[in-house]
Amino acid sequence: AVSQIWGVEFNQFSAITLSYALGISLDYSLHIVHAYLIAKVPESSNLSDSDIRDFKARKALSSMGPSVIHGGMSTLISISVLSQAQLYNCNITFKCWSLIVVFGLANGLVLVPVMLSLVGPLSFGSKSLSGEDEGNGQAPESEQGLYNKAGESESSQVEMGSIEIDIASAEK
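Residues numbered from 1 in each chain as written. Predicted model: local features only at pLDDT ≥ 70, side-chain atom pairs only at ≥ 80, totals over all residues. Heavy atoms only, no water.

### As for the overall build of the protein chain
From N to C terminus, the protein chain includes five helices and two strands. Starting at the N terminus, the α and β elements of the protein chain follow one another as α-α-α-α-β-β-α. The buried share of the protein chain, reckoned over its 172 residues, is 25%. In the protein chain, 62% of the contacts between residues at least 6 apart in sequence involve partners at least 24 apart. (Helix = DSSP H or I, 4+ residues; strand = E, 2+ residues; numbered from the N terminus. Buried < 20%, exposed > 50% of the residue type's maximum accessible area, 1.4 Å probe, protein only. Contact = heavy atoms within 4.5 Å.)

So, in structure tokens, the structure goes:
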């Protein structure tokens, strides 16, 4: 609807450009969701489920929000030079990417945190049959140990489901 008001005709070029909207919008949102999932709640606090969700949503916004805003603003700055171009393709690219970034930021910084504070998961893990929370906010053990503190792979083999890949032989 905003595209029609702004004079962007739907054609193959605008369709390709708008197809990036899904990836960019998910990128902004998933950074916030990931920060929510790994946010630690103080163990000494006796918070209700609603308070835990609110705490984690605020923690996610305070830790990842500035990075998401910087990413969106840097994208807007980088495409701003296209706004003055006389070429049709450049104008469409500028208009579409502006809409993508603005709606992606609104979704990632407003809608997603509100939804997480209302219905977000309380922990990263699952609850056992006894009702005890087994989640510790850490990555599953299957993902731990793949990388050392410097981010370098500790093993030359990575197991993906039932497929095992030998990285050393794949690089040769």
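Read on, since the account is not over.
### Here we look at the side chain of Thr 93
Counting through the fold element by element, Thr 93 comes out in helix α4 (residues 88-119). For Thr 93, a relative accessible area of 17% corresponds to the buried category. In this structure the side chain of Thr 93 is engaged in a polar contact, spanning 2.7 Å, whose partner is the backbone oxygen of Asn 89. Apart from residues lying up to four places away in sequence, Thr 93 is in contact with Phe 13, Thr 17 and Leu 82. (Polar contact = N/O pair within 3.5 Å; in protein donor to acceptor, adjacent residues only side chain to side chain.)

### Focus: the packing of helix α2 (residues 12-38) against helix α3 (residues 49-80)
Interhelical geometry of α2 versus α3 gives an angle of 150° and a closest axis separation of 8 Å. By the angle between their axes, α2 is roughly antiparallel relative to α3. As for the relative orientation of α2 and α3, their crossing is right-handed in sense. In this structure, α2 contributes Tyr 28, His 31, Ile 32, Ala 35, Tyr 36 and Leu 37 to the contact, and α3 contributes Arg 53, Lys 56, Ala 57, Ala 60, Leu 61, Ser 63, Met 64, Gly 65, Val 68, Gly 71, Gly 72 and Thr 75. Grouping the constituent residues of the contact of α2 with α3 by class yields 10 nonpolar, six polar and two charged. (Axes fitted to C-alpha atoms, helices over the stretch in contact; angles between N-to-C directions. Parallel < 35°, antiparallel > 145°, perpendicular 65-115°, else oblique. Left-handed = near helix turned anticlockwise from the far one by under 90°. Nonpolar A, V, L, I, M, F, W, Y, C, P; charged D, E, K, R; others polar.)

### Some remarks on the environment of Met 64
Position of Met 64 among the secondary structure elements: in helix α3. Other than its neighbours up to four places away in sequence, Met 64 contacts His 31, Ile 32 and Ala 35.

### Quick notes on α4
When the terminal C-alpha atoms of α4 are compared, their 44 Å separation across 32 residues agrees well with the 46 Å that a helix rising 1.5 Å per residue should span. Within α4, the axis deviates most sharply at Asn 107, by approximately 35°. (Expected span 1.5 Å × (residues − 1). Bend = angle between axes of the 7 residues up to and from the residue.)

### Examining the packing of aromatic side chains
Counted according to the given criterion, the structure contains zero aromatic pairs. In this structure, Lys 56 packs its charged tip against the face of Tyr 36, placed 5.0 Å from the ring centre. (Phe/Tyr/Trp six-rings, centres within 6.5 Å; stacked < 30°, edge-to-face > 60°. Lys NZ or Arg CZ within 6 Å of the ring centre and 35° of its normal.)

### Thoughts on the side chain of Asn 11
Following the sequence through the fold, Asn 11 ends up in the loop between α1 (2-5) and α2. Polar contacts involving the side chain of Asn 11 include one to the side chain of Tyr 88, which spans 2.8 Å.

### Description of the packing of α3 against α4
Where α3 meets α4, the closest approach of the two axes is 10 Å, and the angle between their N-to-C directions is 180°. What the angle tells us is that α3 and α4 run roughly antiparallel. A breakdown of the residues in the contact of α3 with α4 according to their chemical character gives 16 nonpolar, six polar and two charged.

### Side note on a nonpolar patch on the surface
Taken together, the side chains of Val 110, Leu 111, Val 114, Met 115, Leu 118 and Val 119 make up a nonpolar region of the molecular surface, amounting to roughly 570 Å² of accessible area. Within the fold, Val 114 resides in helix α4. (Patch = residues over 30% accessible without salt bridge, like charges linked within 9 Å, V, L, I, M, F, W, Y side chains within 5 Å. Areas by Shrake-Rupley, 256 points an atom, 1.4 Å probe, with all protein chains shown as cover. Salt bridge = Lys/Arg side-chain N within 4 Å of Asp/Glu carboxyl O.)

### Description of the confidence of the model for the protein chain
When pLDDT is averaged along the protein chain, the result is 77, and 71% of the positions lie at 70 or above. Within the protein chain, the element-level pLDDT minimum falls on strand β1 (residues 157-160), averaging 43, and the maximum on α3, averaging 95. Of the regions scoring below 50 in pLDDT, residues 126-134 engages in eight contacts with residues more than four places distant in sequence or in other chains. In the model, residues 137-172 has pLDDT below 50 throughout and makes 32 contacts with residues more than four positions away in sequence or in other chains. (pLDDT = per-residue confidence, 0-100.)

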